[in-house]
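Each chain, letter by letter, is given below.
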Amino acid sequence: MLHLPPIPELAQFNWERMSQQWSSLTLQTKKIADGAGQGEEFKVLEQQVNRYVMYDQKEKLKQILIKRKGVRVLTQLWIDKEDVRKNSLNEQTIDYIQAKHPKLGMSSLMNLISLVYRYFDALVDGNIFNRLTQWLNQQIEQRLKDRKNSSDTILSVLNQAKWLLDLTAPKALVNLAKQNHLDLNEQLKKLRLNELPQGRFLDICHAQYYLDTLREIPVGEQHDVLHELLKQDVATMPFEEGKRIGHIALEIIIDRSAGAPSEIWQNFVLNLAGDPRIANTATNYRLWWKPIGENRVKAVTSWLAKEDLRLFLGAIEEYANYTGDEALNRMFPARKRFLEGLYEHGFVRNARLMLGNQAEHTVKRVLGKSLTTSYINLRGMTQTSIIYLDCGDFHIIEGSHNFKLWIYMGLPSNKLNDYSLSELNHFALTNSFPQEYKKNYPKGELMPIQHSPTSWQKNAIDFLTQNGIELDLEKLFYKDEYRRYVNRYGLPVVRKIVEEKSLLEINLLNALEVYQPITAKELVKVLNSEFNMKADRSTVNSKLYSMLSENRVTRDDRLCWELA
């Protein structure tokens, strides 16, 4: 790739003169384009060139290209017709034209300039961009040698500012705009570059400017560039390495937000790419989320978990205040602090909100706008709101209206990873989930905890610490409650659980590498035949679900397992 001259060197050019010359170029190009189809002879020649290219009649095409008018027609078709461009814009054709026409006609030369700026980086395949720009530079230099006074032509400008025919020109223009303290559009107008044919060059200039601005604006703040980047034609514009402008914008926003996005930036991400908590096979997921990497998806999922937690707590608080439920009002601050403390620990990786009809109305009333976050409808639990929290090593299901606090040392149900799931009921949450968990984790621990004001926190903390979870109690209590709790119960002792990779886990990973996708039933057979290991299906399932909760394996709709 060619290197740009330093910015101070760019400033040496006479930009006022260049603006006039660029204007002259665009007018000439437009005149050529407008007149390209005039005259019956031209139209006939155009049809012949088009036919010879499309039917791969190279010798007939060469005969036409011997004439200057033939070159003019072909270069115009390169601009206007993708099929002709794809089938004839190659090094062989360029070599032939250069051999037959050491000096191009002005119309053909202007066509080539227009071609480069309209398609720009789209011409990089097969070294075509470099060949075209080398050809242009050679033609421009040759023409200037033949002129006594060439200082006022666009060709002299391109000869002086060769960086304008470099792939890095858009970046150089953005830097120039910054140096001159100008908006990009003002800079483009000053140079009359905005009058070039609309195409990739101008698109990349704007995209580069938007992204550079996004990297520099204060974190979390509103800015006009956010509105521009949400435009469909801007967001979907190809940029680099197979990514679109929108992908780069998402990466910048997510990386700069670090774990605490503003509502403005969070809304930008969701408006651009949608909620990432959908099946990874969904079109929107593959379009926007897969290209930016799993770590960024996890970061946004964590943001949304916090939002779901906020909505859940808001629904409970609003209901308690609205109904005057004294018991719920008394319990609410402690439950709020406990759940927020889990988030502050960094445990919460994902969440799913569940709302009964009345609870949904309550949340909408709290928000004062339409509820945009995805949630599961609670059938037969009108006033209840429930939150599921994936905390990595443990999972929590917490709810209002006498719903117990359920703590699982594993995934309660695979349904919670199914984002097409739209409805649950009380029986599923309190009966089916525990049964499924016991089936998947025969030795797994779970604990339903009644919200007794005097014991629920101790029961939850004891259960977690006995299962190896280290907690900072100061995050789980308000200051005065923390002191009372420690004075009464002391600090919990965490039972250290050292779980080394089992032989079963090692063999499962090896089997999946070779045989994926594969069902658990088939894995049992593979373990027996290939690894001489006898393990029943429930044991294999238990280990697979444990690995699933750690995002080390995945399971599809056919119940087949694969490495993540």
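Engineer: What should I look at first to understand the packing of aromatic side chains in this one?
Structural biologist: Two aromatic rings, taken as a pair, are described by how far apart their centres are and by the angle between their planes. Evaluation of the coordinates by the stated rule reveals 14 aromatic pairs. Ring geometry for F120 and F129: centres 5.3 Å apart, planes at 85°, overall edge-to-face. Since its relative accessible area comes to 0%, F120 is described here as buried. Look at F129 and you get buried, because its relative accessible area is 3%. Judged by centre distance (5.3 Å) and plane angle (70°), the rings of F347 and F394 are edge-to-face. Separated by 47 residues along the polypeptide, F347 in the loop between α20 (326-345) and β3 (350-355) and F394 in the loop between β5 (385-390) and β6 (395-399) bring together distant segments of the chain. Of the two residues examined, F347 and F394, each falls in the buried class. Of the aromatic side chains, those joined through ring pairs into one cluster are W406, Y408, Y437, Y441, Y545 and W561. A cation over an aromatic ring shows up here: R85 above the ring of Y119, its NZ or CZ 3.8 Å from the ring centre.

Engineer: Looking at this structure, how should I read the layout of surface pockets?
Structural biologist: Empty pockets left among the atoms are what a rolling probe the size of a water molecule brings to light. If you add up the space inside the largest pocket, you get close to 1,500 Å³. Tallying contributions element by element places helix α19 (residues 294-323) first for the lining of the largest pocket, with five residues.

Engineer: Just to check I follow, could you spell out empty space enclosed by the protein for this structure?
Structural biologist: For the coordinates displayed, the defined rule picks out three cavities of 30 Å³ or more. Computed from the structure, the largest cavity encloses a volume of approximately 50 Å³. A315, I316, Y319, Q358, A359, T362, Q383, S385, S400 and H401 together form the lining of the largest cavity. Here the residues of the lining of the largest cavity are counted per class, giving four nonpolar, six polar and no charged. Of the volumes computed, that of the second largest cavity is approximately 40 Å³. Around the second largest cavity, the lining residues are R277, D308, A351, R352, L353, S374, Y375, I376 and Y419. Mapped onto the lining of the second largest cavity, the elements with two or more residues apiece are β3 and β4 (375-379). Sorting elements by how many residues they give to the lining of the second largest cavity places β3 first, with three residues.

Engineer: Before we go on, may I ask you to explain the side chain of S257 in this structure?
Structural biologist: Along the chain, S257 falls in helix α16 (residues 245-257). Using a relative accessible area of 5% as the deciding quantity, one classes S257 as buried. Not counting the four nearest positions on each side in its chain, S257 is found in contact with V219, W265 and W303.

Engineer: Please explain the sheet that holds strand β10 (residues 518-519) as it appears in this structure.
Structural biologist: Strands belonging to one sheet form pairs held by backbone hydrogen bonds; the direction of such a pair is parallel or antiparallel. If you walk across this open sheet you meet the three strands as β10-β12-β11, and the pairing is antiparallel. Because the sheet does not close on itself, it has two edges, and the strands there are β10 and β11 (553-555). Both β10 and strand β12 (residues 560-563) contribute to a ladder of two bridges, which runs antiparallel. Counted as the bridge partner of I518 is W561 from β12. Helix α26 (residues 503-515) rests against β10, β11 and β12 of the sheet, and its axis sits at about 100° to β12.

Engineer: I'm lost on helix α22 (residues 426-440) in this one. Help?
Structural biologist: At 3.6 residues per turn, the α-helix brings residues three or four places apart onto the same side. With 15 residues, α22 extends 21 Å from end C-alpha to end C-alpha; this agrees with the ideal 21 Å at 1.5 Å per step. The largest bend along α22 reaches roughly 35° and is located at S432, with the proline P434 sitting one to four residues downstream. When α22 is considered as a whole, its buried residues turn out to be A428, L429, F433, P434, Y437 and N440. Here α22 starts with a cap whose side-chain oxygen sits 3.3 Å from the backbone nitrogen of F427, and that cap is N425.

Engineer: Help me understand the environment of K521 in this model?
Structural biologist: Mapped onto the fold, K521 is located in helix α27 (residues 520-531). Taking the relative accessible area as the measure of exposure, K521 reaches 47% and is therefore partly exposed. Considered as a pair, K521 and R537 are 16 residues apart in the sequence and their alpha carbons are 6.4 Å apart.

Engineer: I tried to follow the sheet that holds β6 on my own but got confused; where do I start?
Structural biologist: A sheet is described by the order of its strands in space; here seven strands give the open sequence β8-β4-β3-β5-β6-β7-β9, paired in mixed fashion. Strands at the two margins of the open sheet, each flanked by one partner only, are β8 (423-425) and β9 (446-449). Mean inter-strand twist for the sheet, computed between neighbouring axes without regard to direction, equals 20°. Looking at chain direction, β3 and β4 are connected through three bridges and run parallel. When the sheet's bridge partners are listed, M354 is paired in β4 with I376. Along the sheet, α22 contacts β3, β4, β5, β6, β7 (405-408), β8 and β9; its crossing angle with β8, the most-contacted strand, is approximately 90°. Sitting on the sheet, helix α23 (residues 456-466) is in contact with β7 and β9, with an inclination near 175° to β9.

Engineer: What exactly am I supposed to notice about the pattern of salt bridges here?
Structural biologist: Oppositely charged side chains are able to pair whenever their charged atoms sit close together. The final tally for this structure, using the stated rule, is 31 salt bridges. For E228, the salt bridge identified is with K231, shortest N-O distance 3.1 Å. Taking relative accessible area as the criterion, E228 reaches 21% and is therefore assigned partly exposed. For E251, the salt bridge goes to R296, with nearest N and O atoms at 3.7 Å. Here E251, found in helix α16, pairs with R296, found in helix α19; they are 45 residues apart in sequence, far enough to count as distant. According to the relative accessible area criterion, E251 is buried, its value standing at 10%. Because the salt bridges share partners, they merge into one network encompassing K171, K178, D212, R215 and E216.

Conventions used here
- Residues numbered from 1 in each chain as written.
- Predicted model: local features only at pLDDT ≥ 70, side-chain atom pairs only at ≥ 80, totals over all residues.
- Heavy atoms only, no water.
- Phe/Tyr/Trp six-rings, centres within 6.5 Å; stacked < 30°, edge-to-face > 60°.
- Buried < 20%, exposed > 50% of the residue type's maximum accessible area, 1.4 Å probe, protein only.
- Helix = DSSP H or I, 4+ residues; strand = E, 2+ residues; numbered from the N terminus.
- Lys NZ or Arg CZ within 6 Å of the ring centre and 35° of its normal.
- 1 Å grid on protein atoms, 1.4 Å probe; cavity = no way out; pocket = protein on both sides within 12 Å on 5 of 7 lines; lining within 4 Å.
- Points joined across faces, edges and corners; volume = space filled by probe spheres on them.
- Nonpolar A, V, L, I, M, F, W, Y, C, P; charged D, E, K, R; others polar.
- Contact = heavy atoms within 4.5 Å.
- Pairing = 2+ DSSP bridges.
- Axes fitted to C-alpha atoms, helices over the stretch in contact; angles between N-to-C directions.
- Expected span 1.5 Å × (residues − 1).
- Bend = angle between axes of the 7 residues up to and from the residue.
- Polar contact = N/O pair within 3.5 Å; in protein donor to acceptor, adjacent residues only side chain to side chain.
- Salt bridge = Lys/Arg side-chain N within 4 Å of Asp/Glu carboxyl O.

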